[in-house]
Amino acid sequence: MNGIVLTSGAKIMMLATFAAYLVLLLLIGYLAERRFSKSYEDFIAAGKSLGAWVTAISASASAESAWVMLGLSGMGYKMGFAAYWAALGCVLGYFINSLFIMVKLRKMSGELGSYTVSDFFEDRLRDKSHLLRVISALIIFTSMILYVTAQFMGSGKTISGMGIASYTTGVLIGGVVIALYVLMGGYAAVSWTDLIQGLLMVFVLVIFPILAVIRAGGFATITTQLKQLGLASVLPGRQAVESLTWGFVIGQLGISIGYFGMPHILMRFITVKDTREAKRAAFISMSWGVLVFFGSVTLGVAMRVLLPSLGDPEQALPRFTVMHFSPIFAGLVLAAITAAIMSTADSQLMYASTALVNDLWIKLKGKRPEQKKLVTITRVVIAVMALISIVVAVLKAQVIYDLVLYAWSIMGAAFAPIVILSLYWDRYNRWGALASMIAGPVVTVVWHVVPALKSRVYELVPAFFISLILSYIVTLLTSGKEAG
């Protein structure tokens, strides 16, 4: 267990704190079930009644995950100051979403009566063939499986890294608890638990980096130590780490592109109460992002000085916690890391199941079953997805950061161009959107599997721009046909 040996008393205290947190989540799921499971629309969208705080924090928390708590801090540990490019790229995505996407998407989706991202694409582009709905649902389901698997891997790494139990046990704990409260309360349970989890995440990633820097002797000492390791520069060409090139910098900034096309994030913008609440949510979301992203990298950088021989960089936060805090507080941190995992996995389980049931079965079948039956079917899909992700996570433990970025690129390249052009170009049509849905994932996969391309720049950057350009050209070529 990575050299961590806890006494039985410490384990009990840590697990008691963690268990109390999990019980709170299940209670929220139960309360949400009583209020928001009477109709299918309530179960999948909470009746479009969410306020600014719930929208902002739940969207932010669901956008991040084990990636921000473990992966990003691990990147800070491994790459030093260069990892701040990744933090900057994420903040840039929040900034653009807040200024140009959130309010406009809420207004347009409200006018169209859309409940999901696939609804919005079909309604906005008048696709009566349902082709966009089918392809988008398949892309979402496939990508979400990868994403949810990464979250369950994060649960396993956290619990094993803190010396509580094995990796497999950690995967099972995270997967079962997440599935239970999503099954109970649906979208409302997901959003309200994400609010709590997002607040807990920002607490840990503000307080811990400050403490870590102090324990490491301050930024001057950290900088001196990183210089000796060749990790103190943020500029390409002045670094011992080979991957730090302009391609690396562009790739990390390119992470921001994905935020415009993440269905589980866009869903929050669609379901916020009104445009006034959307504007408030934009400011809250931006503030949360700055604190969390830069805090996570800072923690990893400080841990490189505090514990220079750490075998797995993504264990930086769990190891810091066990080294410097009491078991009760460590239980709270375990809850916070698990919160990051849950806040993403629950949203993706919920949205992927909605994509299959609402966007494929209901819309294509044409005949709408009774409300209770729809809720039951959605719950079955959630359970099956959770089971698949748990099995894959147990069988193969990869680097969380890489797996998340791969799924992020597939969805970002497929959907971000469609969102941007749908909101800001009146002539945009379904054929252009179809080109984006095909080109984005194809370029992502090709770029990812060819080492010579993958080593140059993160696959989302070329995939997004190729997808955007093709989407624009195809729309121009088919605009006369659409008008006819």
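Look a little higher up for the structure.
What comes next is a walk through the structure. (Residues numbered from 1 in each chain as written. Predicted model: local features only at pLDDT ≥ 70, side-chain atom pairs only at ≥ 80, totals over all residues. Heavy atoms only, no water.)

The subject of this paragraph is the side chain of S436. With respect to the secondary-structure elements, S436 resides in helix α17 (residues 430–449). Residues within four places of S436 in sequence aside, it is in contact with A413, A414, P417, I418, P441, S467 and S471. (Helix = DSSP H or I, 4+ residues; strand = E, 2+ residues; numbered from the N terminus. Contact = heavy atoms within 4.5 Å.)

With that settled, the discussion passes to the packing of aromatic side chains. Applying the stated criterion to the full structure yields twelve aromatic pairs. Ring geometry for F464 versus F465: centroids 5.0 Å apart, planes at 80 degrees, classification edge-to-face. For F464, a relative accessible area of 5% translates into the label buried. Taken together, the ring pairs in this structure connect Y94, Y259, W288, F293 and W408 into an aromatic cluster. The side chain of K104 reaches across the aromatic face of Y424, ending 5.2 Å from its centre. Positioned above the aromatic ring of Y77, the side-chain terminus of R304 is 5.2 Å from the ring centre. (Phe/Tyr/Trp six-rings, centres within 6.5 Å; stacked < 30°, edge-to-face > 60°. Buried < 20%, exposed > 50% of the residue type's maximum accessible area, 1.4 Å probe, protein only. Lys NZ or Arg CZ within 6 Å of the ring centre and 35° of its normal.)

So, on to the nonpolar core. M69, Y259, F293, W408 and F415 are the most contacted members of the largest nonpolar core, which totals 130 residues. With 16 residues, helix α16 (residues 400–424) is the single largest residue contributor to this core. (Core = buried A, V, L, I, M, F, W, Y, C linked by side-chain atoms within 4.5 Å.)

Mapped onto the fold, G163 is located in the loop between α7 (131–161) and α8 (167–215). The exposure class assigned to G163 is buried, which follows from its relative accessible area of 1%. As a C-alpha pair, G163 and V322 span 159 residues in sequence and 8.6 Å in three-dimensional space.

For the pair helix α5 (residues 84–112) and helix α12 (residues 275–306), the least separation of the axes is 9 Å and the interaxial angle reads 170 degrees. With respect to each other, α5 and α12 are oriented roughly antiparallel. Broken down by class, the residue content of the contact of α5 with α12 amounts to 18 nonpolar, five polar and three charged. (Axes fitted to C-alpha atoms, helices over the stretch in contact; angles between N-to-C directions. Parallel < 35°, antiparallel > 145°, perpendicular 65-115°, else oblique. Nonpolar A, V, L, I, M, F, W, Y, C, P; charged D, E, K, R; others polar.)

This part covers the environment of G89. Tracing the backbone shows G89 in helix α5. Given the relative accessible area of 0%, G89 is considered buried. Each C-alpha atom of the pair G89 and I250 lies 8.9 Å from the other, and the pair is 161 residues apart in sequence.

Below, the discussion takes up helix α6 (residues 117–125). When you tally the buried positions in α6, you get eight out of nine residues, the bulk of the element. Buried residues of α6: V117, S118, D119, F120, F121, E122, R124 and L125, and no others. Trailing α6 by a residue or two, R126 shows a phi angle of about 50 degrees, which is positive.

Looking now at unusual backbone geometry. A positive phi is found at R126, a non-glycine position, where the angle reads about 50 degrees. With respect to the element layout, R126 can be found in the loop between α6 and α7. With phi around 65 degrees, H130 is a residue other than glycine that occupies positive phi space. By the secondary structure assignment, H130 is in the loop between α6 and α7. Judged by relative accessible area, which is 22%, H130 ranks as partly exposed.

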